[in-house]
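# Structural overview for review
Read off the chains here:
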Amino acid sequence: MSRLDRPFRFVTEHNLVVLLLMLLVTAGVVAGIGQLQTQSQLNGSEAVGDTEVAQAMEYIQSNYGTNDSESNATSVSPAPVYVRSDDALSKAALLDSLEFQQRALDNESVAAALGDREPFGVANLVAMRAAGDRDASLDEQVAALESADASEVESLVAETLSAGSAAGALLPNDYEPGTATAESRRMLFRFESADAGDTAAEQRAAATAALYELAGDREDPDYFTLGEHAVAASNANMNQQTMELIVPVALLAILAVLAFSYRDLVDVVVGFTGVVLSVLWMFGILGWMQIPAGMTMIIGPVLIVGLSVDYGLHVFMRYREERGEGENIREPMARGLSSVAVALGLVTLTAAVGFMSNVTNEFAIIEQLAIGITLGVVSTFVVSLTLVPALKVTVDGLLERVGLDRRKQPLGQTRLLEPFLTGGVRLAKRAAPAVIVLVLVAGSAGAVAWTDLDRQSVQQDTDGIAEWKQNLPGPLGWETSEYDEQSSYVDDHYRAAEEDARRRSQILLDGDVTSPAALAAVGTIHDGAPEEDAVFQRADSVPLRSPLSVMESVAARNDEFAATFADADTDGDGVPDRDVTEVYDALFAAAPDRASQVVERTDGEYRSLRVVVPIEGGATIAQQAEAMQAVAGGVSADGVDAVAAGYGVLNQAELGQTADSILTTLIVALAAVGVLLTLVYRVATGSAALGAVTVVPIVLVTALVVGGMYLLSIPLTLLTALLLSLVVGLGIDYNIHVSDRFAQELERGQTVTGALRTAVTGTGGALLGSTLTSVGAFSALLLHPHPQITSFGTLVVLALSLSFVVAVFVLPSLLLLWANHGSPEAVRSESPTPDGPVAQD
């Protein structure tokens, strides 16, 4: 009796005790779900500040501050409320907005956050004009507007919204100045920005929540906000649809494949019990350890379901193989568990190495996902080798007492599947070297594709929910989000109410900024920006904020500076070409606040310039980065360097850094797994080379997955990058099972060919069921409307399918060559006395 036999004989002989103990432990672990944190940091990176872009943004932050308002006088940040109507500028619609403001001011949270600031909108401007008083109170505005007839209001609207009016920013981009009709408009509630302190942040959050609720209560006209509360509601709706649509489809696919694999209702129920408990254990442990679940909420259950099904299939199929005629249930189950325990232990260990390699990732959401999945893998291992077999023995024992025979045939030894699974053995016997050369060439091509992958920090949903996903029958159809429609409308028709980080990018110019070449470089940016589609334009011009734009604006109001500005511009092109230092001095003397936004003056020296570039609302991160790099790249000035800095450019730079770290992580993970397997196989079988052979296929699978990403045009993002470590964590599973079974059969005295056949039919059958189950589960992610999730699902399906193909059809060739040129005798010497039945060639 081996050391492994003892604990597993206890599991099978004292199955009721094990069941009771495990159920008590399960109750304690699952209680932690009540403490589960579902939120996660999306960009908790602390290690991406060493890129040139990050350093430029930090420099801008330190020397220009965060306030970019023209007045630079307050930390107020507007919260817009949008109004849509057939005629948003009618008297009735304007009055309705004033009444909305009155209701909002009656709310304590809104009133506290506003302080002495009044709401600001087209309705207010028109009503003030009607009252003949720019300081009219809100009640006076309502009274004045009520007393005016419709034609008077129409005239007031046309006068208020004339060409050049600042109120134009409150209307859609396609509004024609001076007209009295528009399909929408917005009003602004000017609260303190969230970064003004904890109190201001709390007040703002409470006030915007109240505005969100008030807007939701009104239908005609339609009011809506797009702040954090609207986003949260949209995300909650998406999560609900995910749970209602994706999870049931995944479960149905799993049950269908389990029915095919087990061909037995009782085994399906017992196996699925283990699946559910494994997922509950994962979330329970996360809760007790206070580790945020984040993305684990979506990806974790599907991944752990696939893995726990795999573990269960190996346990059940090995039990079926071990149980001979006339044997009871307990003995073959104990033998089966001891046979698969080493392989499952190695799978758990190597999967943990693969997943936990991401703990060093600078992004917290990836780190948390890695920890969550690793805990799920360990939970699956424990549940699959204790509770599941104990439950199986208990249920089968009860059924056999009432006369039901519980002997079942293993999946891989059925008449239809056995010829298919042994195809790899036939290939190995006929052309093992050719098989290996072919896959090495394919793997090399995939590895080369790494440099050509499209890199994006986040795969953004720019096309909305595909029509076919909305038209799926019955409850499978996705419902479009009201928030998505409203957000798309605002992106298409409005400029952002404030120059937030996502809608503004910047270019930092440093070096000899007092030379005429520096301002000429700024002029180059003015000329190049309109050429980029991602740059926002209004009335065929880009509202840049730069040293030149500020100089022109100040010159229009200050005659003294205007004279200095004109004297320095000898060719009349609007760009000073001499006495630049004197121009800067005059600008700071005339408008120091505005000058400090675009020109850095430290200790009396001018050290850098800044250009603020507005970005189109619908521009993706990649489009923003491409546009800003093109604009900055167009600068060619002696002694002056231009660096693009902004949300899109930073994300692109971070992704480049992350891609490098991913490659390093992969290499480290593969090396660690290789060393681990080499040592384990050296101790367990006497052949370190067998461990090295087991690692080769996973390297091939990783390279082939990269090639698949290239062929399918799937970008390398933070999420898809995580998949590559999952390939190490999951793909090695398949190869360990085949190699371990092959070594076991050699120990039992089989020939090399016989051992290969038993491995690919016995263990390979369980792998086939596991692959089909995981593929079915992850294929459900293809129904998700977000491209980031569908890309992940596609690649996991690809990775698992390739892992199965390589393990069953390529690994036999490697094992055959190892057997011919390695030391299979060392494996056989570990067990001189055959134990168990010996399959024949």
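Everything here concerns the structure above.
These lines cover the structure that appears in this document, whether it is placed above or below. These numbers were taken from a predicted model, which means no experiment stands behind them. (Residues numbered from 1 in each chain as written. Predicted model: local features only at pLDDT ≥ 70, side-chain atom pairs only at ≥ 80, totals over all residues. Heavy atoms only, no water.)

## So, the pattern of salt bridges
Evaluated as defined, the whole model comprises 22 salt bridges. In this structure, E331 and R9 form a salt bridge, with 2.5 Å as the shortest nitrogen-oxygen distance. You can see E331 sitting in helix 13 (residues 330–356) and its partner R9 sitting in helix 1 (residues 5–13), a full 322 residues away along the chain. For E331, a relative accessible area of 28% corresponds to the partly exposed category. For R9, a relative accessible area of 16% translates into the label buried. Overlapping salt bridges bring together D264, D267, R320, K392, D396, R406 and K408 as one network. (Salt bridge = Lys/Arg side-chain N within 4 Å of Asp/Glu carboxyl O. Helix = DSSP H or I, 4+ residues; strand = E, 2+ residues; numbered from the N terminus. Buried < 20%, exposed > 50% of the residue type's maximum accessible area, 1.4 Å probe, protein only.)

## Describing the packing of aromatic side chains
Going through the model one piece at a time under the given rule, you end up with 11 aromatic pairs. Between F742 and W818 the ring centres are 6.1 Å apart and the planes differ by 75 degrees, which places this aromatic pair in the edge-to-face class. Of this pair, F742 sits in helix 28 (residues 718–747) while W818 sits in helix 30 (residues 787–821); the two residues are 76 residues apart in sequence, bridging distant segments of the chain. Given the relative accessible area of 5%, W818 is considered buried. Members of the aromatic cluster, each reached through a chain of ring pairs, are F100, F189, F191 and Y223. Between R218 and the ring centre of Y223, over which it is positioned, the NZ or CZ distance is 5.3 Å. (Phe/Tyr/Trp six-rings, centres within 6.5 Å; stacked < 30°, edge-to-face > 60°. Lys NZ or Arg CZ within 6 Å of the ring centre and 35° of its normal.)

## Let's talk about the side chain of E600
With respect to the secondary-structure elements, E600 resides in strand 5 (residues 599–602). Buried and unpaired, E600 has R607 as its nearest opposite-charge partner, separated by 4.9 Å. Engagement of the side chain of E600 in a polar contact is seen with the side chain of T602, the distance being 2.9 Å. Here E600 is in contact with Y59, N63, Y64, E605, Y606, R607 and S608, once residues within four sequence places are set aside. (Lys, Arg positive; Asp, Glu negative; His and termini not counted. Polar contact = N/O pair within 3.5 Å; in protein donor to acceptor, adjacent residues only side chain to side chain. Contact = heavy atoms within 4.5 Å.)

## Examining the sheet that holds strand 4 (residues 504–511)
Spatially, four strands are ordered 5-6-4-7 in an open sheet, and the strand pairing comes out antiparallel. Both edges of this open sheet fall to strand 5 and strand 7 (640–646), since each of them pairs with a single strand only. When strand polarity is set aside, the average angle formed by the axes of neighbouring strands in this sheet is 25 degrees. As paired elements, strand 4 and strand 6 (residues 605–614) share seven bridges and run antiparallel to each other. If you follow I507 over to strand 6, its bridge partner there is V611. Lying over the sheet, helix 3 (residues 52–64) contacts strand 4, strand 5, strand 6 and strand 7, oriented at roughly 90 degrees with respect to strand 7. In the packing of helix 25 (residues 621–633) onto the sheet, the strands contacted are strand 4, strand 6 and strand 7, and the crossing angle to strand 4 comes to about 25 degrees. (Pairing = 2+ DSSP bridges. Axes fitted to C-alpha atoms, helices over the stretch in contact; angles between N-to-C directions.)

## A short note on helix 21 (residues 547–555)
Burial within helix 21 is extensive, with eight of its nine residues counted as buried. The complete set of buried residues in helix 21 reads P547, L548, S549, V550, M551, S553, V554 and A555. Residues of helix 21 that are buried in the fold lie against helix 20 (516–528), helix 22 (559–568), helix 23 (580–590), helix 24 (592–598), strand 5 and strand 6.

## Describing the sheet that holds strand 1 (residues 76–84)
Spatially, 2-1-3 is the arrangement adopted by the three strands of the open sheet, whose pairing is antiparallel. Where the open sheet ends on each side, the last strands, each with one partner, are strand 2 (184–192) and strand 3 (222–224). Mean inter-strand twist for the sheet, computed between neighbouring axes without regard to direction, equals 25 degrees. Set on the sheet, helix 9 (residues 198–216) makes contact with strand 1, strand 2 and strand 3; between it and strand 2 the angle comes to about 155 degrees.

## Here we look at a nonpolar patch on the surface
A grouping of F10, V17, L20, L21 and L24 is seen on the molecular surface, where their side chains present a nonpolar patch of about 480 Å² in accessible area. Top contributing element to the nonpolar patch by residue count: helix 2 (residues 15–30), with four residues. You can see L21 is positioned in helix 2. (Patch = residues over 30% accessible without salt bridge, like charges linked within 9 Å, V, L, I, M, F, W, Y side chains within 5 Å. Areas by Shrake-Rupley, 256 points an atom, 1.4 Å probe, with all protein chains shown as cover.)

## Some remarks on the side chain of R323
Relative to the assigned elements, R323 resides in the loop between helix 12 (296–322) and helix 13. Looking at R323, the relative accessible area reads 10%, which means it is buried. Within the local environment of R323, its side chain forms a polar contact with the backbone oxygen of E327, the two atoms lying 3.2 Å apart. A distance of 3.5 Å separates the side chain of R323 from the backbone oxygen of N328, its partner in a polar contact. If near-sequence neighbours (up to four positions away) are discounted, R323 is found in contact with N328, I329, P332, E400, R406 and R407.

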